[in-house]
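Coordinate analysis (summary)
The residues making up each chain are set out below.
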Amino acid sequence: GDFTPRSAAAFLVFILLFFPCIATVTAIASETRSKWWALFSIVYNTAIAWLLAWIGYHITLLLM
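Residues numbered from 1 in each chain as written. Predicted model: local features only at pLDDT ≥ 70, side-chain atom pairs only at ≥ 80, totals over all residues. Heavy atoms only, no water.

Another aspect to go through is the packing of aromatic side chains. Evaluation of the coordinates by the stated rule reveals 8 aromatic pairs. With a centroid separation of 5.3 Å and 10° between ring planes, the pair formed by Trp36 and Phe40 is classed as stacked. Pair noted here: Trp36 and Phe40 are both in helix H3 (residues 35–63), with a separation of 4 residues, about one helical turn. Note on Trp36: relative accessible area 52%, which makes it exposed. Aromatic pair Trp50 and Trp54: ring centres 6.4 Å apart, planes at 15°, arrangement stacked. Here Trp50 and its partner Trp54 are both found in helix H3, 4 residues apart, which amounts to about one turn of the helix. One aromatic cluster is present, built from ring pairs that chain together Trp36, Trp37, Phe40 and Tyr44. (Phe/Tyr/Trp six-rings, centres within 6.5 Å; stacked < 30°, edge-to-face > 60°. Helix = DSSP H or I, 4+ residues; strand = E, 2+ residues; numbered from the N terminus. Buried < 20%, exposed > 50% of the residue type's maximum accessible area, 1.4 Å probe, protein only.)

Okay, here's the thing in structure tokens:
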């Protein structure tokens, strides 16, 4: 009962796209020798995931 169909769809989109696991972030930091790129990957992926989930939620408002 916590999710409506719209919010569940947006949540699924977000979960599919948000920042990678900690092992991946650690590998990025290790390979690039820069914590900046690791932080960038977290922020960038989370921002894109949020934006697309927001867009998906609002598209479902138009369709339902």
